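# Coordinate inspection notes
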Amino acid sequence: MDKEEKLSLANWRLPPFNRWAFQNIRQLIPTAVISAADNSSSLNALSSTQLDSQALQSNAGGSLSSFLEASYSDSMLVMQAGKVIWRWQGEHCHVSNPHILFSMSKSITAVLVGMLVEQKLLDPGKTIAHYLPGCKGSAYESCSLQQLLDMQVAVDFDETYLQATGAFKRYRDATGWNPVDQTNPGPDLEEFLYSLGKSDGNHGEVFAYKSPNSDLLGLLVERAATQPYAEFMSQHLWQPMGAQRDAYVTVDRSRLARAAGGICCNIDDFARIGQLLLDKGSANGRQLVAEAWIEDTWCGGNREAWVKGEFAAMLPEGRYRNQWYLAGGRSDAAMAIGIHGQWLYIDPTSELVIARLSSQPEPVDEKIDMQTLAVFAEISMLLR
């Protein structure tokens, strides 16, 4: 394909290249395989549903399919009570291909942290320096693991996705997501994380969304588990959960996983993550994640810190806990969200899981984001 021939590390996140790139990351960036089980099975499905025939008020009376087409979606899957009731894919999409999750990777990383907390290999109350002495002198030295999980770290970093210079570019260079000068490649991801200084204010006061926080969580997973991130995820989550296909995660030149945004998997297996939360950490008759961790994720979160933060307008009744968004309000849906239109929406009141993968042109499109929330909430109401 002509588009593939022109695609490079310099433009893979830009249209029109992103539609192909987001389903073929391993052809662009080094990755580590997250192996699925040999005896996995497909998701249970109902034979039919009338969901798409419903005119959605949140889509000006249009269908769900028309919303997905207009919002640059690649695929979407709806599950209720553990069964697939509706699915959609764009003509350009190959649903068996692993699709990059971007920041929805953060939410999965926190599930792995929860497993290590249950194993008493991590303690949310201890400082990061307790586990990673190399972070001394950085913003992370004195913050707690829980503050890191909840994005309440006072770190001097500007999350500006299209920034062509400065700290965010150095961050992308360190992850291997940008082309770099091989004669002077700069720091790897771990070195970059330790270079970040503290901002004004105290840890624990304000929700401040900074992706490096989640990459540091990935490093903590590797050090606490004493094995690579992908291997730990495969053995303790992906295979026991019954994932049908291998996933993978991008890695930097030192093979450190990009835990904040580099996980790639197909939509069915990602929906299983939503079902795992809905089932309080249980899958295939096994308790994979402690129920207490799931309960804390769903019920915890500092409202005061959220209200002071930058995303309060998107979720006015919301909270953020353990790398998951909580909508608040009547349903209190839990959500994982990634740039370019990646969503996982879990509503316990309707036993609903919605997974959507996309290739929106812009990293953040507030208009589409707000419409997406409205569409998901309307689907949830229709299925109660």
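For the structure itself, consult the block above.
About the criteria used
- Residues numbered from 1 in each chain as written.
- Predicted model: local features only at pLDDT ≥ 70, side-chain atom pairs only at ≥ 80, totals over all residues.
- Heavy atoms only, no water.
- Pairing = 2+ DSSP bridges.
- Helix = DSSP H or I, 4+ residues; strand = E, 2+ residues; numbered from the N terminus.
- Axes fitted to C-alpha atoms, helices over the stretch in contact; angles between N-to-C directions.
- Left-handed = near helix turned anticlockwise from the far one by under 90°.
- Contact = heavy atoms within 4.5 Å.
- Nonpolar A, V, L, I, M, F, W, Y, C, P; charged D, E, K, R; others polar.
- Salt bridge = Lys/Arg side-chain N within 4 Å of Asp/Glu carboxyl O.
- Buried < 20%, exposed > 50% of the residue type's maximum accessible area, 1.4 Å probe, protein only.
- Expected span 1.5 Å × (residues − 1).
- Phe/Tyr/Trp six-rings, centres within 6.5 Å; stacked < 30°, edge-to-face > 60°.
- Polar contact = N/O pair within 3.5 Å; in protein donor to acceptor, adjacent residues only side chain to side chain.

### Notes on the sheet that holds strand E3 (residues 83-89)
The 7 strands are arranged E3-E2-E13-E12-E11-E10-E9 in an open sheet whose pairing can be described as antiparallel. On the outer flanks of this sheet lie E3 and strand E9 (319-321), each paired with one strand and no other. Going from strand to strand, the sheet's axes swing by 20° on average, the running direction of each strand aside. Direction of pairing for strand E11 (residues 334-338) relative to strand E12 (residues 342-347): antiparallel, over a ladder of 5 bridges.

### Thoughts on the packing of helix H4 (residues 104-118) against helix H9 (residues 211-225)
Between H4 and H9, the shortest axis-to-axis distance is 10 Å and the interhelical angle comes to 35°. As H4 runs across H9, the sense of the crossing is left-handed. Contacts from Lys106, Thr109, Leu112, Val113 and Leu116 in H4 reach Ser211, Ser214, Leu217, Gly218, Val221, Ala224 and Ala225 in H9. In terms of residue class, the contact of H4 with H9 is built from 7 nonpolar, 4 polar and 1 charged.

### Thoughts on the pattern of salt bridges
For the coordinates displayed, the defined rule picks out 11 salt bridges. Its salt-bridge partner being Asp332, residue Arg319 comes within 3.3 Å of it at the nearest N-O pair. Of the two residues, Arg319 sits in strand E9 while Asp332 sits in the loop between strand E10 (324-326) and E11, which places them 13 residues apart along the sequence. Given the relative accessible area of 11%, Arg319 is considered buried.

### Some remarks on H4
The end-to-end C-alpha distance of H4 is 22 Å, a good match for the 21 Å that 15 residues give at a rise of 1.5 Å each. Downstream of H4 by one or two residues, Lys120 has phi in the positive range, about 65°.

### Description of the packing of aromatic side chains
On inspection of all chains with the given rule, the structure shows 20 aromatic pairs. Relative to Phe102, the ring of Phe22 has its centre 5.0 Å away and its plane inclined at 80°; by these criteria the two rings are edge-to-face. Taken together, the residues span a long stretch of sequence, with Phe22 in the loop between helix H2 (18-21) and strand E1 (31-34) and Phe102 in the loop between strand E4 (99-100) and H4 at a distance of 80 residues. We note that Phe22, like Phe102, is buried. When the ring of Phe102 is compared with that of Trp177, the centres are 5.9 Å apart and the planes differ by 75°; the resulting orientation is edge-to-face. Taken together, the residues Phe102 in the loop between E4 and H4 and Trp177 in the loop between helix H7 (166-175) and helix H8 (189-194) connect sequence positions 75 residues apart.

### Details of the side chain of Ser214
Inspection of the secondary structure puts Ser214 in helix H9. Note on Ser214: relative accessible area 0%, which makes it buried. Side chain to side chain, Ser214 and Gln323 meet in a polar contact 2.5 Å long. The contact partners of Ser214, leaving out residues within four places of it in the chain, are Lys106, Thr109, Met151, Ala259, Ala260 and Gln323.

The values are spatial; any link to function lies outside them.
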